[in-house]
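# Analysis of the macromolecular model
Listed below are the residues making up each chain.
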Amino acid sequence: MTSAILFVCLGNICRSPLAEAAFRARAADAGIEVQADSAGTGGWHIGDPPDQRAQRTALRHGVDISRDRGRQVEQADFRRFSHIFALDLDNLAALHRLRPADATARIGLLLDLVDGMEGQAVADPYYGPDEGFEETWDQVDRAAAALMARLGRERG
(Lines give C-alpha, C1' and ligand atoms only; values in the text may rest on other atoms or scores of the structure.)
Protein backbone atom coordinates (compact mmCIF):
# COMPACT_ATOMS: atom_id res chain seq x y z
CA MET A 1 0.00 0.00 0.00
CA THR A 2 1.35 3.44 -0.92
CA SER A 3 1.24 6.03 1.84
CA ALA A 4 -0.12 9.43 0.86
CA ILE A 5 1.21 12.29 2.96
CA LEU A 6 0.28 15.98 2.87
CA PHE A 7 2.41 18.62 4.63
CA VAL A 8 0.65 21.86 5.54
CA CYS A 9 1.88 25.30 6.56
CA LEU A 10 0.36 28.74 6.10
CA GLY A 11 1.44 29.87 2.62
CA ASN A 12 2.96 26.72 1.06
CA ILE A 13 6.15 28.43 -0.12
CA CYS A 14 8.67 27.64 2.64
CA ARG A 15 8.15 25.03 5.33
CA SER A 16 5.68 22.64 3.73
CA PRO A 17 7.55 22.38 0.39
CA LEU A 18 10.74 21.66 2.36
CA ALA A 19 8.94 19.02 4.42
CA GLU A 20 7.62 17.38 1.27
CA ALA A 21 11.11 17.49 -0.28
CA ALA A 22 12.78 15.96 2.78
CA PHE A 23 10.16 13.21 2.94
CA ARG A 24 10.47 12.41 -0.77
CA ALA A 25 14.27 12.24 -0.42
CA ARG A 26 14.06 9.90 2.59
CA ALA A 27 11.53 7.68 0.80
CA ALA A 28 13.68 7.52 -2.34
CA ASP A 29 16.75 6.62 -0.27
CA ALA A 30 14.74 3.82 1.36
CA GLY A 31 13.36 2.63 -1.99
CA ILE A 32 9.80 3.11 -0.77
CA GLU A 33 7.08 4.42 -3.07
CA VAL A 34 5.07 7.24 -1.53
CA GLN A 35 2.69 9.96 -2.57
CA ALA A 36 3.57 13.34 -1.10
CA ASP A 37 2.32 16.86 -1.54
CA SER A 38 2.22 20.12 0.33
CA ALA A 39 -0.39 22.84 0.72
CA GLY A 40 -1.17 25.96 2.69
CA THR A 41 -4.16 26.89 4.76
CA GLY A 42 -3.97 30.39 3.24
CA GLY A 43 -4.42 31.19 -0.42
CA TRP A 44 -1.92 34.03 -0.92
CA HIS A 45 0.62 31.98 -2.87
CA ILE A 46 -1.57 29.74 -5.03
CA GLY A 47 0.37 29.01 -8.21
CA ASP A 48 3.61 30.54 -6.93
CA PRO A 49 6.89 28.62 -6.82
CA PRO A 50 8.53 28.06 -3.44
CA ASP A 51 10.56 30.90 -1.95
CA GLN A 52 13.97 31.12 -3.67
CA ARG A 53 15.72 30.50 -0.34
CA ALA A 54 13.68 27.31 0.14
CA GLN A 55 14.57 26.21 -3.39
CA ARG A 56 18.29 26.76 -2.74
CA THR A 57 18.12 24.91 0.56
CA ALA A 58 16.36 21.90 -0.95
CA LEU A 59 18.82 21.84 -3.84
CA ARG A 60 21.76 21.83 -1.41
CA HIS A 61 20.21 18.65 -0.04
CA GLY A 62 19.74 17.09 -3.47
CA VAL A 63 16.08 17.90 -4.11
CA ASP A 64 14.81 20.22 -6.85
CA ILE A 65 11.55 21.90 -5.82
CA SER A 66 11.62 24.62 -8.48
CA ARG A 67 8.63 23.11 -10.33
CA ASP A 68 6.43 22.93 -7.22
CA ARG A 69 3.57 25.41 -7.05
CA GLY A 70 1.68 26.68 -4.05
CA ARG A 71 -1.82 25.46 -3.46
CA GLN A 72 -4.44 25.67 -0.74
CA VAL A 73 -5.80 22.75 1.28
CA GLU A 74 -9.00 21.36 -0.25
CA GLN A 75 -11.81 19.28 1.24
CA ALA A 76 -10.81 16.35 -0.99
CA ASP A 77 -7.36 16.28 0.64
CA PHE A 78 -8.92 14.88 3.79
CA ARG A 79 -9.96 11.79 1.82
CA ARG A 80 -7.10 11.65 -0.69
CA PHE A 81 -4.26 11.51 1.87
CA SER A 82 -3.72 8.93 4.59
CA HIS A 83 -1.86 11.43 6.79
CA ILE A 84 -1.92 15.23 6.94
CA PHE A 85 0.79 16.91 8.99
CA ALA A 86 0.60 20.54 10.08
CA LEU A 87 3.88 22.33 10.61
CA ASP A 88 2.60 24.41 13.54
CA LEU A 89 -0.27 24.56 16.01
CA ASP A 90 -2.18 27.33 14.21
CA ASN A 91 -2.29 25.31 11.00
CA LEU A 92 -3.18 22.18 12.96
CA ALA A 93 -6.18 24.04 14.42
CA ALA A 94 -7.10 25.27 10.93
CA LEU A 95 -6.99 21.72 9.59
CA HIS A 96 -9.33 20.53 12.34
CA ARG A 97 -11.74 23.36 11.45
CA LEU A 98 -11.57 22.54 7.72
CA ARG A 99 -11.89 18.77 8.20
CA PRO A 100 -15.11 17.45 6.64
CA ALA A 101 -17.27 14.89 8.43
CA ASP A 102 -16.26 12.14 5.98
CA ALA A 103 -12.51 12.71 6.38
CA THR A 104 -10.35 9.58 6.48
CA ALA A 105 -6.90 11.19 6.87
CA ARG A 106 -5.09 11.14 10.18
CA ILE A 107 -4.17 14.69 11.17
CA GLY A 108 -1.21 15.55 13.35
CA LEU A 109 1.59 17.95 14.17
CA LEU A 110 4.75 17.09 12.22
CA LEU A 111 7.27 17.53 15.03
CA ASP A 112 5.21 15.26 17.29
CA LEU A 113 7.01 12.51 15.34
CA VAL A 114 10.42 13.60 16.67
CA ASP A 115 11.40 12.58 20.20
CA GLY A 116 11.92 15.66 22.32
CA MET A 117 10.20 18.02 19.86
CA GLU A 118 6.60 17.09 20.55
CA GLY A 119 4.22 20.05 20.50
CA GLN A 120 6.71 22.32 18.74
CA ALA A 121 6.32 24.21 15.50
CA VAL A 122 8.73 23.82 12.62
CA ALA A 123 10.77 27.03 12.54
CA ASP A 124 9.30 29.55 10.10
CA PRO A 125 12.26 31.02 8.20
CA TYR A 126 10.31 33.43 5.98
CA TYR A 127 11.08 36.70 7.75
CA GLY A 128 14.54 35.73 8.94
CA PRO A 129 17.99 35.32 7.44
CA ASP A 130 18.82 32.66 4.86
CA GLU A 131 20.37 30.43 7.55
CA GLY A 132 16.90 29.91 8.99
CA PHE A 133 16.05 27.73 6.01
CA GLU A 134 18.77 25.27 7.04
CA GLU A 135 17.27 25.07 10.54
CA THR A 136 13.89 24.39 8.96
CA TRP A 137 15.43 21.71 6.72
CA ASP A 138 17.06 20.05 9.72
CA GLN A 139 13.72 19.89 11.54
CA VAL A 140 11.69 18.59 8.61
CA ASP A 141 14.39 16.09 7.70
CA ARG A 142 14.39 14.72 11.25
CA ALA A 143 10.61 14.46 11.04
CA ALA A 144 10.85 12.77 7.62
CA ALA A 145 13.21 10.15 9.05
CA ALA A 146 10.84 9.53 11.96
CA LEU A 147 7.87 9.35 9.59
CA MET A 148 9.63 6.80 7.40
CA ALA A 149 10.28 4.65 10.48
CA ARG A 150 6.64 4.98 11.53
CA LEU A 151 5.34 4.05 8.09
CA GLY A 152 7.66 1.06 8.09
CA ARG A 153 6.12 -0.11 11.36
CA GLU A 154 2.59 0.45 10.01
CA ARG A 155 3.40 -1.68 6.97
CA GLY A 156 4.87 -4.18 9.44
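This structure is a prediction, so every number in the text was calculated from the model and none was measured.

### Notes on the packing of aromatic side chains
The geometry of two aromatic rings is summed up by the distance between their centres and the angle between their planes. Here the structure, examined in full by the defined rule, presents three aromatic pairs. Here the aromatic rings of F7 and F85 are separated by 6.4 Å at their centres, their planes lie at 25 degrees, and the arrangement is stacked. One end of the pair, F7, is in strand β1 (residues 3-9); the other, F85, is in strand β3 (residues 83-86), with 78 residues separating them in the sequence. With 4.8 Å between their ring centres and 90 degrees between their planes, Y126 and Y127 make a pair best called edge-to-face. A relative accessible area of 30% means that Y126 is categorised as partly exposed. Chaining the aromatic ring pairs together yields one cluster made of F7, F23 and F85. Sitting over the face of the ring of Y126, R53 holds its NZ or CZ atom 5.6 Å from the ring centroid.

### Comments concerning unusual backbone geometry
A positive phi angle is found at N12, which is not glycine, with a value near 65 degrees. Mapping N12 onto the fold places it in the loop between β1 and α1 (15-30).

### As for the layout of surface pockets
The computed volume of the largest pocket comes to approximately 190 Å³. C9, L10, G11, N12, I13, C14, R15, W44, H45, D124, Y126 and Y127 are the residues that line the largest pocket.

### Description of the side chain of N12
Under the relative-accessibility criterion, N12 is labelled buried at 2%. A distance of 2.9 Å separates a polar atom in the side chain of N12 from a polar atom in the side chain of S38. Looking at N12, its side chain comes within polar contact range of the main-chain nitrogen of R71, at 2.9 Å. Filtering out sequence-adjacent residues up to four positions away, N12 remains in contact with P17, S38, A39, G40, R69, G70 and R71.

### Brief notes about the sheet that holds strand β4 (residues 106-109)
Through backbone hydrogen bonds, the strands of a sheet pair up, either in parallel or in antiparallel fashion. One open sheet accounts for four strands, arranged β2-β1-β3-β4; its pairing is parallel. At either end of the open sheet lies a strand with only one pairing partner, and these are β2 (34-40) and β4. Across the sheet, the mean angle from the axis of one strand to that of its neighbour is 20 degrees, orientation sign disregarded. Relative to β2, β1 runs parallel, the two sharing seven bridges.

### A look at the side chain of D51
Counting through the fold element by element, D51 comes out in the loop between β2 and α2 (52-60). Excluding residues within four positions of it along the chain, D51 makes contact with I13, C14, Y126 and F133.

### Notes on the nonpolar core
In terms of nonpolar packing, the biggest core is built from 34 residues, with F7, L18, F23, L87, L110, V140 and L147 touching the most fellow members. For this core, the elements supplying multiple residues, two or more each, are β1, α1, β2, α2 and α5 (131-155). In terms of residues, this core owes the most to one element, α5, which gives nine residues. Not counting residues within four places of it along the chain, the set of residues in contact with L147 comprises I5, F7, F23, F85 and L113. Ranked by size, the runner-up nonpolar core spans 15 residues in total, among them A39, F78, A103 and A105.

About the cut-offs
Each chain carries its own residue numbering, running from 1 in the written order of its sequence. Reporting of local features is limited, given that this is a predicted model, to residues whose pLDDT is at least 70; pairs of side-chain atoms are given and counted only at 80 or more, and all residues count toward the totals for whole chains, interfaces and linings. The basis for every side-chain value is the complete set of non-hydrogen atoms in the structure, without hydrogens or water. Paired rings are identified among Phe, Tyr and Trp, the last through its six-membered ring, by centres lying within 6.5 Å, and are further divided according to the angle between planes into stacked (under 30 degrees), edge-to-face (over 60) and tilted (the rest). Numbering of helices and strands runs from the N terminus; a helix is a DSSP stretch of H or I covering at least four residues, while a strand is a stretch of E covering at least two. With a 1.4 Å probe rolled over the protein chains alone, any residue whose accessible area is under 20% of its type maximum counts as buried; one over 50% counts as exposed, and the rest are partly exposed. In this scheme, the term charge over a ring applies when either NZ of a lysine or CZ of an arginine sits within 6 Å of the ring centre and within 35 degrees of the ring normal. Only protein atoms enter the 1 Å grid, on which a cavity is a set of points fitting a 1.4 Å probe that cannot get out and a pocket is an open set with protein on both sides within 12 Å along at least 5 of 7 lines, lining residues being those with an atom within 4 Å of a point. Grid points are joined across faces, edges and corners, and a volume is the space filled by probe spheres set on the points. By the criterion applied in these results, polar contacts are pairs of N or O atoms within 3.5 Å in which, for protein atoms, one can donate a hydrogen and the other can accept it, and in which residues neighboring in sequence qualify only through two side-chain atoms. Any two residues having at least one pair of non-hydrogen atoms within 4.5 Å are treated as being in contact. Pairing between two strands requires that DSSP report at least two bridges joining them. Between N-to-C directions, angles cover 0 to 180 degrees, with each direction set by a line fitted to C-alpha atoms, over the stretch in contact for helices. Here, nonpolar core refers to any group of buried Ala, Val, Leu, Ile, Met, Phe, Trp, Tyr and Cys residues whose side-chain atoms link them within 4.5 Å.

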